[in-house]
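# Coordinate analysis (summary)
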Amino acid sequence: MQGDFDALEKRLGISRRDFLKYCTGIAATLGLSTSEAIAMAEAVAKPKKRPVVIWLHGQECTGPTETMLRSEHPTLERLILEMVSLEYHQTLDAGAGHQVEHLKELSMKENAGKYLLVVEGSIPTRDGGVYCKIAGKTMLAHTVEAAENAAAIIAFGSCASWGGVQSSGPNPTGAVGAQAVLPGKTVVNIPGCPPNPYNFLATVMHFLTFGTLPELDSQNRPKFAYGRLIHENCERRPHFDAGRFAKEFGDEGHKKGYCLYKLGCKGPETYSNCPAVEFNDVGGGTWPVGVGHPCFGCTEQGVGFTKPLFSLAEVQTHTPPNAFPSIAQREDTPGMSAGAAAVAGAAVGAAVGAAAVVSTRLGKSDSDSET
Ligand code: SF4
C-alpha cells in the first residue's frame, strides 16, 4: 500500500498523513469507524480503473459544480476528480459539439451498468421538455437515457433533487427533479443551493469503498448529512432558547448575533449539516446563518423556494423551557448567565457537529491549524 500512497501524494500534492486525516474526517462524517476510514483511504489510493462519471446539466446556475471547484484544503475537487473518471461534463469538458456527445454515448455503452450518473439542475417536462435542450435533445431525454444503465444516480443540488427555484410557482416549464422522471430508480438526493461538496465527496467515497450507497432518509437524502435539523446545531441556538432575537436586519439584535428566527430563518424545519460542515473552507469556513442571513430552507422540499422568507418557520422540536433561564430570571435572579447559556449551547453544538467539522479542519496542514 505504501507505494500507492506515495503515488497519491504526488498526484494530489498532499502528504500521506494529511490524506489519512482527511479520510478519517470523511469517515467520521459518515459515522464510520477508523478501520473503515483506512479502507476508504486504500480504496482511493489503490490504482485501479476509476469509475466513469457522466455529469448532466439541466436548468440551473452551475452552483453545484462551482461549489465543488471553489473548495480548498486539501484540494477537494482534485480528490473528487482523482477518484473518478469524469468523462462527460458540459461545463468542464474541453471538447464540445458532436465529438463530445459521441464520446458520451461511447462511454455509456462501454461502461454500461458501471458508471455513476450525476444530475445537476432541474428537468423541464412541459411541452415535451423543449425548454432545455443539449445537442438537439431534451434534458428529459438525456436523463432517461443516461439513467438506463447507470450503477448509481446522484441528484446534486436542490434543482436536481426536486426542481429547486425553477419549480416555484407558477413553474412555467414544468421543472422537476431527477427522481420524478426516473420512476423505479433510486436517485440519491444531495440538495442545497449550493449543495455542500463534502456531502457529495462522502457519498461518492462510500460508494467507491463499499459498493453501496449510504443510508437514505424518506426524501432519499443521505442520513449522515440530512439527519438533523439545522436548528439543533446552530451556533445562535442559545439566543433562540433565551428569547433573544434580531427583529430587523441591522438592528441591535442582528449586530449582536442574536437568533434570526423572527427574520424568517427556516432552520427549525430544515434538515442539513450546514452549521457543522460549513462552506468556503478557506479561513475556517462560514455559512449563511453564521454571517447573519436567515436560513431559507434550500435543502428541504416544500420549504426552500416555496415558503416566503418573511414567514415564520414551524418549530418542530422544543427544548424544555425550564432548562434555560428566561430573560427575567437572567436580569433579576442569579442563574445561568447569558454567557453561560451561550457556552453551554456552543458545547452541545460542538459535540454534535464535531464529526463533521473535523472533515474540513483535518484538511488543513498542521502548520495551518497552528496559525
Ligand atoms: Fe439558528 Fe435559525 Fe434556529 Fe435561530 S431559528 S437558532 S438562527 S437555525
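Residues numbered from 1 in each chain as written. Predicted model: local features only at pLDDT ≥ 70, side-chain atom pairs only at ≥ 80, totals over all residues. Heavy atoms only, no water.

## Comments concerning unusual backbone geometry
Cis geometry marks the peptide bond from Gly169 to Pro170; its omega dihedral reads 10 degrees. Take Pro170: it is sitting in the loop between helix H8 (158-162) and strand E8 (175-176). Backbone torsion omega between Cys193 and Pro194 reads 5 degrees, so that peptide bond is classified as cis. Looking at the secondary structure, you find Pro194 in the loop between strand E9 (187-190) and helix H10 (197-210). The phi dihedral of Ala135 falls on the positive side, at around 55 degrees, and the residue is not glycine. Positive phi, normally seen in glycine, also occurs at Phe305, with a value near 65 degrees. When you line up the elements, Phe305 lands in the loop between helix H15 (274-277) and helix H16 (327-332). (Helix = DSSP H or I, 4+ residues; strand = E, 2+ residues; numbered from the N terminus.)

## A word on the pairing of strand E3 (residues 116-120)
For E3, the buried fraction is high: 5 of the 5 residues fall into the buried class. The alternating pattern of E3 places Leu116, Val118 and Glu120 and Leu117 and Val119 on opposite faces, both of which are buried. One ladder, built from 4 bridges, connects E3 with strand E7 (residues 152-156); its direction is parallel. Bridge pairing in E7 places Val119 opposite Ala155. (Buried < 20%, exposed > 50% of the residue type's maximum accessible area, 1.4 Å probe, protein only. Pairing = 2+ DSSP bridges.)

## Details of H10
For H10, which comprises 14 residues, the first-to-last C-alpha distance of 20 Å matches the rise-based estimate of 20 Å (1.5 Å per residue) to within 8%. Burial analysis of H10 places 11 of its 14 residues in the buried class, the great majority of the element. Those residues of H10 lying buried are Pro197, Tyr198, Asn199, Phe200, Leu201, Ala202, Thr203, Val204, Met205, His206 and Phe207. The first or second residue beyond H10 is Gly211, which carries a positive phi of 75 degrees. (Expected span 1.5 Å × (residues − 1).)

## Description of the site of the ligand
In the vicinity of the ligand there are 13 residues, among which His231, Cys234, Cys259, Leu260 and Cys265 approach most closely. Of the pockets mapped on this structure, the ligand occupies the largest cavity. (Near = heavy atom within 4 Å. 1 Å grid on protein atoms, 1.4 Å probe; cavity = no way out; pocket = protein on both sides within 12 Å on 5 of 7 lines; lining within 4 Å. Sits in = over half its atoms within 2 Å of the grid points.)

## Quick notes on the packing of helix H6 (residues 97-110) against helix H7 (residues 139-148)
Closest axis-to-axis distance for the H6/H7 pair is 10 Å, and the angle between their directions is 30 degrees. In terms of axis orientation, H6 runs roughly parallel to H7. Crossing angle aside, the handedness with which H6 passes H7 is left-handed. When H6 is examined against H7, the residues Glu101, Lys104 and Met108 are found in contact with a partner set consisting of His142, Glu145 and Ala146. Classifying every residue of the contact of H6 with H7 by side-chain character gives 2 nonpolar, 1 polar and 3 charged. (Axes fitted to C-alpha atoms, helices over the stretch in contact; angles between N-to-C directions. Parallel < 35°, antiparallel > 145°, perpendicular 65-115°, else oblique. Left-handed = near helix turned anticlockwise from the far one by under 90°. Contact = heavy atoms within 4.5 Å. Nonpolar A, V, L, I, M, F, W, Y, C, P; charged D, E, K, R; others polar.)

## Remarks on the nonpolar core
One finds Ile26, Phe200 and Met205 to be the most contacted residues of the largest nonpolar core, which totals 34 residues. Of all the secondary-structure elements, those providing two or more residues to this core are helix H2 (16-30), helix H3 (34-45), strand E1 (52-57), E3, E7, E9, H10 and helix H11 (223-226). Filtering out sequence-adjacent residues up to four positions away, Met205 remains in contact with Cys23, Ile26, Met40, Val44 and Met83. Counting residues in each nonpolar core, the second largest holds 23 residues, with Tyr88, Met108, Cys132 and Leu182 among its members. (Core = buried A, V, L, I, M, F, W, Y, C linked by side-chain atoms within 4.5 Å.)

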